[in-house]
Amino acid sequence: MDILEVARPALVSGLSDVPVPSIDAPRAQALVERCPRHAETPLTELTSLAADANIAQLWVKDEHDRMGLGSFKALGAAYVIACDKEQGAHSGRTYVAASAGNHGLSVAAGAQAFGAASVIYLADSVPEGFAARLREHGAEVRRAGATYEDSMAAAHRAAEENGWALLSDSSWPGYFERPHRLMEGYLVLMAEAIRQMPTPPTHFFLQAGVGGLAGACAALARQAWGDQPTIVVVEPDAAPALYGSIQNGAPIESSGPVSAMGRLDCKMPSLIALKGLARDADAYTLISEYEGEAGAEAMQAAGMATTPSGAAGIAALLSMSDAQKAELGLDSNSVVLTVLSEGPES
């Protein structure tokens, strides 16, 4: 495992016109709480894994059953569509998105709930089980290319050609409004975690694909807890989008093989997330395929089944050498917060 430790704020050029992540948790909570399937997700202490990591406490925010959709992504795209409904801008609209599965479920469920249509583009590597779940929520599913980036390009073309509403969980020059609002939805889980934590954490491990979850949670964590938590971003070594951009000092497309951590296998960062994390995160780590799988196995043994993507934060913690722990100030007094971002694949 590699660790890139930085002094905040990290200097990243090319982001002057990019908004920082929202911290308006009350706005998101007020709308999400009106959803009939809304329920607060649990924060669970894992004493056995804390002992394995030689820390005082390990807390896991468990998003595996958020609104019955299986991941934190339920709070994202569906929240954007709910906001559109409040403004009367959803009727007769088709939302189109690229997804590695969970984002697409949120788009599909949100569109279905509010009387809109959805078209979801998937890379060939996304399991057919996810495609079937998307169809159950009324989405039209189209396959496009070998990578998430291929499916994103196809969704973008379809939006332009058909006049559909592109709803991405990433952001790029000229495309900020919807992903900014989508990240605002993720504040719901972070606001819950802040209330649920008995004491502020000393360390906060956040997995990242394009970085939306990490960017939103880190922003609200800084508002609530200030400088205390060391915030650690975790990515697959096959897709170091944020790590590479921070190291490069500018947004950069990473390269690497297809990762088994499919929901994190994103080669380009969201610019909104990158700008927020450059301000808020202290370190960026890259975990191997083996380490990701070992993290999922550890969570399974602890009674919290998930995928290597869902367990990536825990995987990074458990994979650190003593020297790496010392580098980040992790010791027997540390209190670590992580997010189990999704349930097991079905």
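Just so it is clear, the structure is predicted and the values come from calculations on it, not from any experiment.

Student: Please give an account of empty space enclosed by the protein that cites residues and values.
Tutor: On inspection of all chains with the given rule, the structure shows 1 cavity of 30 Å³ or more. Considered as a void within the structure, the largest cavity measures approximately 270 Å³ in volume. Looking at the largest cavity, it is lined by 28 residues, and the ones nearest its centre are Phe72, Lys73, Gly209, Arg263 and Leu264. It is helix α8 (residues 212-225) that contributes the most residues to the lining of the largest cavity, 3 residues altogether. Broken down by class, the residue content of the lining of the largest cavity amounts to 10 nonpolar, 13 polar and 5 charged.

Student: A description of the pattern of salt bridges should follow, citing residues and the corresponding values.
Tutor: Under the counting rule described, the total for this entry stands at 16 salt bridges. A salt bridge links Arg135 to Glu128; its shortest N-O distance comes to 3.0 Å. Among the residues examined, Glu128 registers a relative accessible area of 46% and is labelled partly exposed. Of the charged contacts, one joins Asp265 and Lys267 as a salt bridge, the two residues approaching to 2.8 Å between their closest N and O atoms. Of the residues examined, Lys267 reaches a relative accessible area of 8% and is grouped as buried. Each of Arg8, Arg222, Asp227 and Asp282 takes part in one network of salt bridges that share partners.

Student: How would you summarise the sheet that holds strand β5 (residues 117-122) if you had to cite specific residues and measurements?
Tutor: Overall, parallel pairing links the 4 strands, which are arranged β6-β5-β4-β7 in an open sheet. The open sheet is flanked by β6 (140-143) and β7 (165-166), the only strands paired with a single partner. Sheet topology places strand β4 (residues 94-99) next to β7; 2 bridges connect them, and they run parallel. In the strand pairing of β7, Tyr95 is matched with Ala165. Contacting β4 and β5, helix α4 (residues 102-113) crosses the sheet at an angle of about 165° to β4.

Reading the values: the criteria
Residues numbered from 1 in each chain as written. Predicted model: local features only at pLDDT ≥ 70, side-chain atom pairs only at ≥ 80, totals over all residues. Heavy atoms only, no water. 1 Å grid on protein atoms, 1.4 Å probe; cavity = no way out; pocket = protein on both sides within 12 Å on 5 of 7 lines; lining within 4 Å. Points joined across faces, edges and corners; volume = space filled by probe spheres on them. Helix = DSSP H or I, 4+ residues; strand = E, 2+ residues; numbered from the N terminus. Nonpolar A, V, L, I, M, F, W, Y, C, P; charged D, E, K, R; others polar. Salt bridge = Lys/Arg side-chain N within 4 Å of Asp/Glu carboxyl O. Buried < 20%, exposed > 50% of the residue type's maximum accessible area, 1.4 Å probe, protein only. Pairing = 2+ DSSP bridges. Contact = heavy atoms within 4.5 Å. Axes fitted to C-alpha atoms, helices over the stretch in contact; angles between N-to-C directions.

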